[in-house]
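# Examination of the molecular architecture
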Number of protein chains: 2
Amino acid sequence: MTIRLAICGYGNLGRGVEQAALAAPDMEPVVVFTRRDPDTLETLGTPAASVDDMEQWKDRVDVCLCCGGSATDLAEQVPAALRYFPTVDSFDTHAKIPEYFASCDEAAREAGTAALISVGWDPGLFSLTRLLGQAVLPDSLEETFWGKGVSQGHSDALRRIEGVVGAVQYTVPRPEALEAVRSGQATEPAEARAKHTRECYVVAADGADRERIREEIVSMPNYFADYDTTVTFISAEELERDHQGMPHGGSVLRRGHTAGGSAAGIEFSLDLESNPQFTGAVVTACGRALYRLVSGGVTGALTLFDVPLGSLHPGAPEELRAQLL
Amino acid sequence: MTIRLAICGYGNLGRGVEQAALAAPDMEPVVVFTRRDPDTLETLGTPAASVDDMEQWKDRVDVCLCCGGSATDLAEQVPAALRYFPTVDSFDTHAKIPEYFASCDEAAREAGTAALISVGWDPGLFSLTRLLGQAVLPDSLEETFWGKGVSQGHSDALRRIEGVVGAVQYTVPRPEALEAVRSGQATEPAEARAKHTRECYVVAADGADRERIREEIVSMPNYFADYDTTVTFISAEELERDHQGMPHGGSVLRRGHTAGGSAAGIEFSLDLESNPQFTGAVVTACGRALYRLVSGGVTGALTLFDVPLGSLHPGAPEELRAQLL
Ligand SMILES: NC(=O)c1ccc[n+]([C@@H]2O[C@H](COP(=O)([O-])OP(=O)(O)OC[C@H]3O[C@@H](n4cnc5c(N)ncnc54)[C@H](OP(=O)(O)O)[C@@H]3O)[C@@H](O)[C@H]2O)c1
Ligand SMILES: NC(=O)c1ccc[n+]([C@@H]2O[C@H](COP(=O)([O-])OP(=O)(O)OC[C@H]3O[C@@H](n4cnc5c(N)ncnc54)[C@H](OP(=O)(O)O)[C@@H]3O)[C@@H](O)[C@H]2O)c1
């Protein structure tokens with residue numbers, strides 16, 4: 001039996017999900033829902049349909065993987081999709097997770113189905129590491145480092161500056177800050193500036209005042225003012241040639257002591273050439289898990305903290321025990 | 001409400017569990033079961049009782065954490081304890097897990113309770129990483145490296161050699177082998193010799209033939225013959241002074257490609273000054289999880305693959321979502 005997947009929203013993540021779903025032995029992407037004209041969508045083969053026609057797919061889809069943006073799409077998209085399908089999403093606005101969870105929980109219960117929210121790598125696999133670390137080694141320091149990777153939000157902020165025609169921002173962890181946690185030298189959380197630097201590659205409009213642009217960037221509150229930020233002006237060709245990838249990753253580090261007083265360190269790291277492709281793979285595996293949970297009668301909103309991880313894997317439980325334990 | 005824990009078997013791990021349980025905000029060790037005379041046991045304060053008197057504790061214990069040795073103790077100890085309590089253990093004889101699971105499953109179902117088996121770090125947290133890696137990044141190479149750490153089994157093998165009065169063996173991962181996986185250069189699993197070296201520190205009896213001892217060690221099948229093994233003779237004082245710790249740890253590395261063809265790497269590492277204290281912390285957190293699962297009606301044998309990881313943490317689900325996701 002093949003799990004029939006819908007993909008809702010076809011940007012970077014939607015495509016990453018389609019790729020992962022096409023490669024999965026037990027799942028199949030059967031439709032992509034989009035707000036755009038479905039005929040204009042170039043998928044890898046999955047038929048496209050309008051988000052307005054979701055209802056027609058009610059009996060032909062087992063799980064809907066919602067790939068809209070966290071800023072504005074998902075809060076509408078997921079409750080709407082929940083009327084017809086169980087949903088998985090990668091909502092990553094950390095501060096808004098409680099209210100988002102509550103609204104998905106309500107919509108899912110009303111429809112008698114379930115929503116697995118905020119999966120991916122952060123939130124997602126990094127969250128699982130933070131949880132395990134705190135459960136097992138409560139007396140310790142924990143830090144999450146991101147990068148080296150492209151921050152979409154910071155890149156967007158650069159592009160909004162007058163005179164900027166293209167830009168990309170890399171978040172870069174400071175090796176000495178990582179090493180301080182790893183070695184046990186650090187005893188309390190470092191401040192923002194000590195953990196990461198920010199590297200901006202900017203294409204300026206002809207005749208734009210580069211010094212003013214640089215000044216606006218490095219002094220921008222919330223985004224750059226609290227960091228050591230470098231600004232490098234490049235040509236449109238260089239941006240196109242050298243900065244089209246979406247690499248990301250990072251590490252969750254935990255260092256402290258057991259209750260008996262012995263030192264212990266836990267570290268989980270990801271190094272991803274394509275953030276959306278890897279996130280898409282996690283979302284897809286979570287589609288499998290949610291299908292199984294819903295088949296077992298689960299309803300309401302869930303996070304990865306509620307999911308037995310064996311359910312993410314296509315193998316039978318006895319195989320997993322024999323081969324992976 | 002406090003979760004009342006029994007500890008069955010009081011060796012290194014039993015003590016590590018007692019330490020972790022004493023530090024937990026929501027659990028309490030109420031009894032240690034031992035095969036020895038309970039009056040001879042020096043615990044950290046938890047009363048000791050004979051394993052033969054388990055039944056008397058039936059209504060005063062919520063979960064029994066079984067800390068016997070995997071080689072011979074657990075296969076008897078756990079089914080016996082299951083008659084009265086849900087159990088957690090850290091059974092680590094990988095090849096025998098399927099048959100061990102089956103016998104615990106039967107005993108647990110018969111008693112209407114549950115057994116969470118093979119928790120710790122390997123099997124345990126490393127197994128979870130292997131599972132997640134395979135579920136998310138199926139097209140990749142995976143290697144587990146152990147150490148630098150003390151292997152109890154290999155140390156025991158040294159001590160059985162004639163003329164050896166004391167010994168300890170460290171398993172040491174080769175940095176170049178780790179780096180080959182991490183960088184993506186390695187494309188298939190390395191053979192044993194290429195991944196780890198073995199360092200033996202041996203105290204020889206007065207007048208023993210050291211060359212013969214060295215020869216017996218490096219040529220010992222299964223244990224040392226397939227590795228580059230160094231043998232260093234030390235004094236009894238040096239063994240006592242420099243080699244009493246039980247450090248361990250290691251890394252699970254996974255490197256490959258997403259379905260869309262982009263490179264991706266996953267790495268989980270532990271660096272533990274005390275293997276039994278850290279393992280004890282995992283076993284104790286799993287006691288909390290099992291208590292919650294059993295309260296929800298779960299029966300039979302389980303592994304960490306079946307456990308929602310949120311249940312290992314003392315916090316309420318809404319706190320975990322707000323703070324850790
Ligand atoms: N948890 C994690 O670890 C993690 C990691 C990475 C990303 N994420 C989340 O994933 C979300 C989606 O990321 P993304 O990179 O896929 O965003 P994106 O490419 O901007 O796509 C977002 C939406 O915009 C629309 N869209 C995409 N391309 C378009 C185009 N050329 N013209 C017009 N509309 C277009 C699509 O909806 P329609 O098809 O309906 O038009 C799509 O669903 C992010 O907001 C982030 O929150 C989470
Ligand atoms: N999954 C993992 O990651 C992981 C990691 C580490 C260890 N482990 C497992 O944990 C098991 C237990 O390890 P351990 O280091 O606690 O083994 P251990 O110290 O040898 O203890 C094993 C048992 O031997 C008895 N014992 C201990 N000290 C004794 C003494 N001085 N005299 C007589 N008997 C004594 C105790 O039973 P009584 O109190 O009944 O006499 C104890 O339960 C290992 O076999 C291993 O399989 C698993």
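The rules behind these values
Residues numbered from 1 in each chain as written. Chains lettered and ligands numbered in written order. Predicted model: local features only at pLDDT ≥ 70, side-chain atom pairs only at ≥ 80, totals over all residues. Heavy atoms only, no water. Pairing = 2+ DSSP bridges. Helix = DSSP H or I, 4+ residues; strand = E, 2+ residues; numbered from the N terminus. Contact = heavy atoms within 4.5 Å. Axes fitted to C-alpha atoms, helices over the stretch in contact; angles between N-to-C directions. Buried < 20%, exposed > 50% of the residue type's maximum accessible area, 1.4 Å probe, protein only. Right-handed = clockwise from strand over helix to strand, strands pointing away. Salt bridge = Lys/Arg side-chain N within 4 Å of Asp/Glu carboxyl O. pLDDT = per-residue confidence, 0-100. Least-squares fit on C-alpha atoms with pLDDT ≥ 70 in both.

Either a parallel or an antiparallel arrangement is found when strands of a sheet pair, and the pairing is made through backbone hydrogen bonds. All names here are of chain A. Pairing within the open sheet is mixed, and its four strands lie in the order β8-β9-β10-β11. Only two strands of the sheet have a single neighbouring strand rather than two, namely β8 (149-150) and β11 (228-233). Helix α8 (residues 210-218) contacts β9 (164-173), β10 (196-204) and β11 of the sheet and is inclined by roughly 150 degrees relative to β11.

Residue and element names in this part refer to chain A. For arginine 83, the location among the structural elements is in the loop between α2 (74-82) and β5 (87-89). Expressed as a C-alpha distance, the spacing of arginine 83 and alanine 108, which sit 25 residues apart in the sequence, is 7.5 Å. Apart from residues no more than four positions distant in its own chain, arginine 83 is found in contact with Lys58 and Ala111.

Let us now look at the pairing of strand β11 (residues 228-233) of chain B. All names here are of chain B. Residues Thr229, Val231 and Phe233 point to one face of β11 and are all buried, whereas Asp228, Thr230 and Thr232, pointing to the other face, are not buried. Where strand β10 (residues 196-204) lies against β11, six bridges are found, and the strand directions are parallel. By the bridge assignment for β11, valine 202 is matched with phenylalanine 233. Crossover handedness for the path β10 to helix α8 (residues 210-218) to β11: right-handed.

On inspection of all chains with the given rule, the structure shows 36 salt bridges over all chains. For the salt bridge of arginine 174 of chain B with aspartate 228 of chain B, the shortest nitrogen-to-oxygen distance reads 2.7 Å. Taken together, the positions of arginine 174 of chain B in the loop between β9 (164-173) and α6 (175-182) and aspartate 228 of chain B in strand β11 put the pair 54 residues apart, joining distant regions of the chain. Judged by its relative accessible area of 36%, aspartate 228 of chain B falls in the partly exposed class. For glutamate 216 of chain B, the salt bridge is made with arginine 212 of chain B, and the minimal N-O distance between the two is 3.0 Å. Here glutamate 216 of chain B and its partner arginine 212 of chain B are both found in helix α8, four residues apart, which amounts to about one turn of the helix. Here glutamate 216 of chain B falls in the partly exposed class, since its relative accessible area comes to 36%. Residues joined by salt bridges that share partners form a network here, namely Arg174, Glu176, Arg193 and Asp228 of chain A.

Moving on, we come to the confidence of the model for chain A. Across chain A, the average pLDDT comes to 97, with 100% of residues at or above 70. Interface confidence for the predicted complex, expressed as ipTM, amounts to 0.97; the pTM equals 0.97.

In this section: unusual backbone geometry. Residues and elements named next belong to chain B. The peptide bond linking aspartate 122 to proline 123 adopts the cis configuration, its omega dihedral lying at 0 degrees. The omega torsion of the bond from glycine 147 to lysine 148 falls at 0 degrees, within 30 degrees of zero and hence cis. Tracing the chain through its elements places lysine 148 in the loop between β7 (140-146) and β8 (149-150). With a phi angle near 60 degrees, serine 118 is a residue other than glycine that sits in the positive phi range. Residue class for serine 118 comes out buried when judged on its relative accessible area of 1%.

With that settled, consider the relation of the copies chain B and chain A. Of the two same-sequence chains, chain B is brought onto chain A (RMSD 0.0 Å, axial shift 0.0 Å) by a rotation of 180 degrees. Taken together, these values place the two copies in the relation of a two-fold axis. Take the interface residues of chain B: 100% of them recur as interface residues in chain A, which is what a same-surface contact looks like.

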